[in-house]
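Here are the chains, one letter per residue:
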Amino acid sequence: MNEDKGDGIRRRPVPVHYDWHVAPAQDGDDGEDQDDEGIVFEDEQPKVMDYIAIFCDYVFWILLAYCAANLLLWVGEQAGIVHPHFEEWSPVRWWHTNPHGLQKELYENGTSGEEFDGLKKWIEGGPGGWVNPKLGIHDYLSERGRYERRLEVKEAVDRDEVLVRLPLSHVLSSDFCQQDLTDGTIRKVVEAQKKSSDGIEISPWTWITLYMIAHSHKGGSSSASSATWRFDSLLKSEYIDAALSYMPIFWDDANLHWLNGTDLLNIHVLDVHAAIETEYHKLTYLVSDIQDTIPVVDFKKWAMVVMSRGETVDLPDRENKTRTVPQLAIMPLIDLVDHHLPMPEKPLRTDDDLLKYQERGSHTNISYNAALAAVVLKAKDMMPQNTAVTVGYGVRSNADYLLYHGFTMPRDWSDLTLCTQYGMIELPLPPDMPAWKSRFMLHGYRYAVPACPSRKSTPHVIIGAARFLVATEADVMSFEDRVLKDPSLLEAKVTAKKEKFLNHGVLEALTTVCDTVAQPPLCRSPLSLSSERAAWALVKKHTLMRVALHPVSMAEDERILASDDKEGTLTVNQRHAVIVRREEKQTLQRWCSIAATIADFLQTPEAEPEIANTRLPEEEKLENEEPRTRPIYWQRLMEFSLPENTRELPVGCQAR
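Quantities reported herein were computed from a predicted structural model and do not represent experimental measurements.

Basis of the calculations
- Residues numbered from 1 in each chain as written.
- Predicted model: local features only at pLDDT ≥ 70, side-chain atom pairs only at ≥ 80, totals over all residues.
- Heavy atoms only, no water.
- Buried < 20%, exposed > 50% of the residue type's maximum accessible area, 1.4 Å probe, protein only.
- Helix = DSSP H or I, 4+ residues; strand = E, 2+ residues; numbered from the N terminus.
- Arc of directions from axis to C-beta.
- Core = buried A, V, L, I, M, F, W, Y, C linked by side-chain atoms within 4.5 Å.
- Contact = heavy atoms within 4.5 Å.
- Pairing = 2+ DSSP bridges.

**Student:** Any chance you could explain helix 2 (residues 99-108) here in plain terms?
**Tutor:** Turning to helix 2, its buried residues number three or more, namely L102, Q103 and L106. For helix 2, the angular spread of buried residues about the axis comes to 100°, placing them on one side.

Shown next, in the form of structure tokens:
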């Protein structure tokens, strides 16, 4: 035992540390112990502060290392040593291994007559439903053994004679399919969508696809006249596989090879794959067991059935039954009409030519009748016996026909409708784009360019974007000064420049003279002669690059088609591919000729006075956001649609 216990130094009962400091004695200590107990020892800081300091050091060094690594990667990318690697997306694909054999088998074992009778009974069993007894369906083999079904009149039909009254309850619109809660899958998706906090939007064609998948399964165990079965009895799985085998999304690699170099293959086919798979992933996110009951291939097949056979028609609004709104819908039996248009008698060069042709192209008209609560198919003109019932899709490119409907018009169609076609040109971002512009344009865009510009359809978007890309700080600042003195240089209203202590300079000027809100941002008026020259030179450069990407010349395509006309060596898909790629080259070459001609003209002394703006009359109706204020030389673009304006292709505009 320590005998000096009372005389020793008192220490507070705190954890032992090696860091001490001397503190004065507290008041109230015993007087006799004041000399000995005048000092006590305390900790300098709690232990937790040590941990916080270590943690802060750790975070600091981690952040420093992260910044250094990113800096090294950036330097490596700029020097070409390091290349970023992104996982490539590959679509889920399916194709039929023997489509020609399937076509022949369907034709030989055709039962479309019996199925058509069952479909008629189903329609007439609905409220107000009726099918004209003059209608019939005809099975035949068209080009190179392709199996087709055609709706035609067995007897002559008078003008305005009703052919079909399809009850609203039999029209498969997106609203109707979404409200069909008899199917468990649709019901689950509707409930999951309501509960989801992510605000996931489902495309209208997705609801129709889900409905068709569900009721096609039910159709296998019920008759076509069943009151509970709302589905087209002619769309059996074998017929669907046969029809889909002509759409590029379901081609094999050997057929897709014939589309090499085309926008149809490189962009549009992949876009359709991506759109369908995106909708499928939305559904599986909302209801996970969908991937077990509906394979992605089945969903993709039925989605293409909806896209290919769907029509937009005015139907009653779900929220307000007194008005109608355009809706995508599948209309059983009516969707059997032929969509091939007759060939134009002359080239379609103007909007009036196009309008008159489209009015004359269809034999029938589809409309909703509110009094009958039905969609009515009516003859527009007298139709002779055995005439096909046609409803045209309108004048579209062969690439569009092939992608969504699996057919093309004859190759002469491309020549006669060239002035209605559009090509696609991409303008990538320049590598040295300054920060005052890069904040408004984060990536490059692809632009539609007309083969024959008109007053209602000009390349104003691609040229406006090109002006933005090539604009210099001097161009922007100089044009802003001119605009403040003469606001008529811009179509938009110009506000007075405000004086600020810290003026943002070129950034503010850019938002004044260009439309930086639009995507892509556009400079809608020429900034200067040098800027306009640079803009058209940029467009010409990338147009020439796009033309050069086609591996086969247009002359070779014409030789292949001419040889096939005599010998019939191509398959249906191969011939369609050659027609499509020929048309795309034809459109690109036409636009290339325009871009090269205008770019060359701007290099001449005559160009300077034509940079000045002119304004179209207010009473002239414009479309597609065409600018009313435009440069004088813009009129030269219209000359390319004139019949007499046929020029030799400039150097580089000829596909290989």
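**Student:** Looking at this model, I keep getting lost on the nonpolar core. Mind explaining?
**Tutor:** As a rule of thumb, nonpolar side chains are buried together in soluble globular proteins. Among the nonpolar cores identified, the biggest contains 55 residues, and L427, I462, V476, W536, W591, L602 and Y633 are the most heavily contacted of them. For this core, the elements supplying multiple residues, two or more each, are strand 12 (422-427), strand 13 (445-450), helix 16 (460-470), helix 17 (473-485), helix 18 (506-513), helix 19 (529-548), helix 21 (572-601) and helix 23 (635-638). By residue number, the principal contributor to this core is helix 21, which donates nine residues. Residues in contact with L602, not counting those within four places in the same chain, are L529, E532, R533, W536, A607, I611 and Y633.

**Student:** Any chance you could explain the pairing of strand 11 (residues 374-379) here in plain terms?
**Tutor:** Every regular strand shows the same layout, with side chains that alternate between the two sheet faces. With five of six residues buried, strand 11 lies mostly within the body of the structure. Where strand 6 (residues 162-167) and strand 11 come together, five bridges link them in antiparallel fashion. Pairing of P167 across the sheet is with A374, part of strand 11. With six bridges connecting them, strand 10 (residues 364-369) and strand 11 associate as antiparallel partners. Following the sheet pairing, S367 is matched in strand 11 by V376. Between strand 10 and strand 11, which follow one another and run antiparallel, lie four residues, and A373 among them has a positive phi close to 50°.

**Student:** I'm lost on the sheet that holds strand 3 (residues 130-131) in this one. Help?
**Tutor:** Adjacent strands of a sheet form backbone hydrogen bonds with each other and so pair up, either parallel or antiparallel. Ordered in space as 3-6-11-10, the four strands form an open sheet in which the pairing is antiparallel. The open sheet has two free edges, formed respectively by strand 3 and strand 10, since each of these has just one partner strand.

**Student:** Teacher, can you tell me more about helix 13 (residues 398-405) here?
**Tutor:** Helical geometry: 3.6 residues make up each α-helical turn, so side chains three or four residues apart lie on a common side. For helix 13, a buried count of six out of eight residues is recorded, marking the element as mostly surrounded by other parts of the structure. Those residues of helix 13 not exposed but buried are N398, A399, Y401, L402, L403 and H405. Packed against the buried residues of helix 13 are helix 9 (263-286), helix 11 (296-309), helix 14 (412-416) and helix 21. Looking at the residues trailing helix 13, positive phi occurs at G406, about 75°.

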